[in-house]
Amino acid sequence: MSTAELLSTEVSVDAHANDKPVETVDTVVIRFCGDSGDGMQLAGTQFTNVSAIFGNDVSTLPDFPAEIRAPAGSPFGVSGFQVSFSDHDIFTPGDVVDTLVAMNPAALKTNLGDLKRGGTLIVNSDAFDKSNLSKAGFATNPLEDENYLKGYHVHKVPMTRLNRDAVEGLGLSQREADRCRNFFALGLVFWLYERDATPTIDWLKSKFAKSPTIAEANIRAIKGGQNYGHSTEAFTVHYRVAPAKLPPGEYRKITGNEAVALGLATVAKLAGKTLLYSGYPITPASDILHELSNLKHFGVRTFQAEDEIAAMAATCGAAFAGELAVTASSGPGICLKGEAMGLGMITELPMVIIDVQRGGPSTGLPTKTEQSDLLLAMFGRNGESPLPIVAAATPGDCFTMIQEAFRIAVEFMVPVIFLSDGYIANGAEPWRIPKLSELKPINVQHCDKPNGPEGEYLPYLRNERLARPWAVPGTPGLEHRIGGLEKSDITGHVDYAPPNHEHMTFTRARKVAGIADFIPPQEVEGPETGDLLVISWGGTYGTVRTAVREMGTKGHAVAHCHLRYMNPFPRNLGEILKRYKKVLVPELNRGQLRMLIRSQFLVDAIGFNKIKGKPFLVSELTDRIARVLSGEITSATEPAYTRATYTHAKGEG
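Quick caveat: nothing in here was measured; it's all calculated off a predicted structure.

With that settled, consider the packing of aromatic side chains. The way to describe two aromatic rings as a pair is by their centre distance and the angle between their planes. Following the criterion strictly, the structure yields 13 aromatic pairs and no others. With a centroid separation of 5.7 Å and an interplanar angle of 90 degrees, the aromatic rings of F85 and Y193 are classed as edge-to-face. Remark: Y193 occurs in the loop between α8 (181-192) and α9 (198-207) and F85 occurs in strand β4 (residues 78-86); sequence separation between them is 108 residues. Here F85 falls in the buried class, since its relative accessible area comes to 0%. Geometrically, the ring pair formed by F91 and Y541 is edge-to-face, given 6.4 Å between the ring centres and 85 degrees between the ring planes. Placement of the pair is F91 in the loop between β4 and β5 (97-102) and Y541 in helix α19 (residues 541-553), with a sequence separation of 450 residues. Residue class for F91 comes out partly exposed when judged on its relative accessible area of 23%.

If you want it as structure tokens, here you go:
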């Protein structure tokens with residue numbers, strides 16, 4: 001049998017168990033990393049899909065370069081995908097990596113520090129040539145340096161050569177053959193963790209239905225990786241992770257952006273209306289437009305505008321026309337949308353503005369996560385322009401909270417800001433598909449006749465929620481004037497009178513504040529009173545929840561409060577804050593929520609801030625919680641402590 005035939009032979013998952021010892025583990029963290037053209041995101045996504053279908057709980061962390069095409073083989077061009085899969089509920093993609101797959105020297109250099117001692121390192125030894133070593137900044141080959149790789153289980157696999165052997169005879173060019181290497185690596189990891197490759201093989205057949213040779217090459221690459229693991233003496237053991245005991249129901253893997261798109265289509269269905277999405281491509285929000293463009297049969301229309309300003313203006317126009325209007329961007333685009341957001345606010349029209357946060361300022365870190373737009377959402381418009389703000393906690397929670405954003409918008413006739421972030425948007429988790437009976441209705445009511453005492457239409461006559469009526473243009477008898485100039489209450493006429501402007505300013509603010517009476521009270525996980533309350537929001541949910549639970553098992557009176565309604569805050573939040581001796585607010589910014597908590601509730605909250613484009617680690621939070629509980633860190637010492645760690649990290653102190 002030839003090498004190509006051996007590598008492409010089918011090997012069943014069940015057969016593996018009889019060949020080599022199997023070690024059962026409860027949770028595994030794997031990271032695929034290589035050049036941005038090596039297909040690491042695809043390999044990681046397929047491993048996640050297979051694990052989710054198997055029944056594991058999964059959590060992912062994609063990480064890719066900010067440059068459209070960074071120099072090949074350089075540390076700046078390394079792309080990675082981390083996935084944690086488990087036999088129980090997990091909330092983070094993991095602090096340390098159990099198995100690292102490095103496709104080139106740059107990937108090894110930038111990721112080895114996250115591999116735990118005793119972890120498994122799989123490298124494509126064929127990529128460690130003189131050119132790639134030089135690009136990565138290695139003077140010598142690290143695979144030949146025992147000290148460099150000391151403490152790891154190292155597997156030097158000639159993936160390039162073995163992959164070419166696996167696809168031999170298909171008539172591919174060398175470049176086409178090498179593009180299958182990611183699936184060779186994936187097949188090897190499938191074998192190592194007893195994953196059934198069938199879902200990925202089926203996906204390849206569907207994806208490349210018009211290019212069967214490409215499909216066959218990738219399938220052969222997967223089988224080649226599986227057979228290498230099965231036949232080599234290098235791997236003496238493989239691992240088993242049992243399915244998780246999740247609540248009953250039908251599940252699928254979902255990312256935050258996918259959940260937003262499905263949530264928006266659901267909004268259109270529940271409201272019986274057409275939804276118009278107006279957007280301009282920007283990382284990491286672009287996938288929302290991509291996903292929605294495939295949902296036109298669900299009452300969704302998409303419009304790619306020429307710029308962010310046009311996208312926001314179109315959203316205002318769609319809302320005025322009586323449609324469900326939504327736009328999405330990231331921090332730089334939200335800045336450009338500011339003026340038209342103010343227009344939506346002063347005209348009091350319902351719409352949703354999605355901000356998928358990324359590292360800033362300016363272009364900043366386009367592909368990295370951050371929580372630095374909270375104050376932008378709160379105050380980033382001229383004049384007194386308060387808007388409601390909601391924030392999703394997890395990828396799956398985006399489905400629920402985008403519907404909540406629209407419900408608030410149409411019930412209170414106000415633009416609503418929906419906050420996500422790069423970690424939530426690109427990360428994935430198992431999501432239980434809800435039943436139709438579990439979905440809350442969204443009631444859209446359009447004024448269809450004059451509402452004034454003398455048969456006239458009064459566009460700013462308010463109901464008990466201070467919401468004005470929503471008239472569809474062209475409705476007979478409901479003609480009215482609208483625009484960005486200050487309005488007279490009730491009539492909607494332009495009115496510059498000082499008393500009217502003050503009255504309208506306070507009325508709009510009272511409407512937003514009054515939303516607190518119509519949102520759920522804040523919940524707390526953990527003791528109802530205690531030594532410390534940890535407050536989180538956005539994508540920090542999973543890490544904070546895990547850290548607080550871990551500290552609770554050690555006997556500490558620590559509770560967790562995760563906010564999804566950012567403006568207004570839940571009406572019982574102030575009372576909750578009084579029940580704990582100390583308050584800690586971890587954020588991926590310089591302390592924006594902490595500033596709001598301090599100013600609104602006069603609570604001496606302690607901040608914990610990380611601004612590195614990466615999520616918190618559980619270990620970072622448990623360490624900080626312990627230091628706060630011991631009194632080592634207080635609100636008075638925290639700023640100095642932060643400066644000390646920064647200068648130390650920079651080698652300045």
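Having seen it, we continue.
Before going further, it helps to examine unusual backbone geometry. The omega torsion of the bond from T283 to P284 falls at 5 degrees, within 30 degrees of zero and hence cis. If you trace the backbone, P284 turns up in the loop between β10 (275-279) and α12 (286-292). Look at the link from G360 to P361: it is a cis peptide, with omega at 5 degrees. In this structure, P361 sits in the loop between β13 (351-357) and α15 (374-379).

Our focus in this paragraph is the pattern of salt bridges. All chains considered together, the criterion is met by 28 salt bridges. With a closest N to O distance of 3.0 Å, E308 and K337 form a salt bridge. Here K337 lies in helix α14 (residues 331-347) and E308 lies in helix α13 (residues 308-320), a separation of 29 residues in the sequence. Three or more residues are tied together by salt bridges with common partners; here these are E348, R462, D489 and K511.

Right, let's get into the sheet that holds strand β20 (residues 580-587). Read from one edge of the open sheet, four strands run β18-β17-β20-β21, paired in parallel fashion. Of all strands in the sheet, those with a lone pairing partner are β18 (558-563) and β21 (606-609), marking the two edges. Looking at each pair of strands side by side, their axes are set apart by 25 degrees on average, direction ignored. Docked against the sheet, helix α21 (residues 592-601) engages β17 (530-537), β18, β20 and β21, running at close to 145 degrees with respect to β20. Helix α22 (residues 618-630) rests against β17, β18, β20 and β21 of the sheet, and its axis sits at about 150 degrees to β20.

Let us now look at the nonpolar core. Counting residues in each nonpolar core, the largest one holds 91 residues, and the members touching the most others are L264, L275, I354, F418, I535 and L593. Here this core gets ten residues from one element, more than from any other, and that element is helix α16 (residues 397-412). Once residues lying within four places of it in the same chain are set aside, the contact partners of L593 are L374, I535, W537, L563, M566, F569, V585 and E587. With 43 residues, the next largest nonpolar core counts F32, V167, L172 and A197 among its residues.

Residue placement: W431 occurs in strand β16 (residues 428-432). On a C-alpha basis, the gap between W431 and I254 in space is 6.2 Å, while along the polypeptide they are 177 residues apart.

A word on the environment of I625. Mapped onto the fold, I625 is located in helix α22. Overall, the relative accessible area of 1% leaves I625 in the buried class. Sequence spacing of I625 and A547 is 78 residues, and the spatial spacing of their C-alpha atoms is 8.5 Å. Excluding residues within four positions of it along the chain, I625 makes contact with L532, V534, A547, V548, M551, V558 and L584.

In space, the six strands of this open sheet follow the order β3-β4-β2-β5-β6-β7, with mixed pairing throughout. Single-partner strands in this sheet number two, and they are β3 (57-63) and β7 (153-157). For this sheet, the mean angle separating the axes of adjacent strands, direction not counted, is 15 degrees. As paired strands, strand β6 (residues 115-124) and β7 are joined by five bridges and run parallel to one another. Residue pairing in the sheet places L121 in a bridge with V154 of β7. Against the sheet, helix α3 (residues 40-54) makes contact with β2 (27-35), β3 and β4, and its axis sits at roughly 10 degrees relative to β4, the strand it touches most.

In terms of burial, β4 is a largely internal element, nine of the nine residues being buried. Taking every second residue as pointing to the same face, both faces of β4 are buried, with V78, G80, Q82, S84 and S86 on one and S79, F81, V83 and F85 on the other. In the sheet, β2 pairs with β4 via nine bridges, with the strands oriented antiparallel. Each bridged residue has a counterpart across the sheet, and for G34 the counterpart in β4 is S79. In the sheet, β3 pairs with β4 via seven bridges, with the strands oriented antiparallel. Paired with D57 across the two strands is S86, which belongs to β4.

Definitions and limits used
Residues numbered from 1 in each chain as written. Predicted model: local features only at pLDDT ≥ 70, side-chain atom pairs only at ≥ 80, totals over all residues. Heavy atoms only, no water. Phe/Tyr/Trp six-rings, centres within 6.5 Å; stacked < 30°, edge-to-face > 60°. Helix = DSSP H or I, 4+ residues; strand = E, 2+ residues; numbered from the N terminus. Buried < 20%, exposed > 50% of the residue type's maximum accessible area, 1.4 Å probe, protein only. Salt bridge = Lys/Arg side-chain N within 4 Å of Asp/Glu carboxyl O. Pairing = 2+ DSSP bridges. Axes fitted to C-alpha atoms, helices over the stretch in contact; angles between N-to-C directions. Contact = heavy atoms within 4.5 Å. Core = buried A, V, L, I, M, F, W, Y, C linked by side-chain atoms within 4.5 Å.

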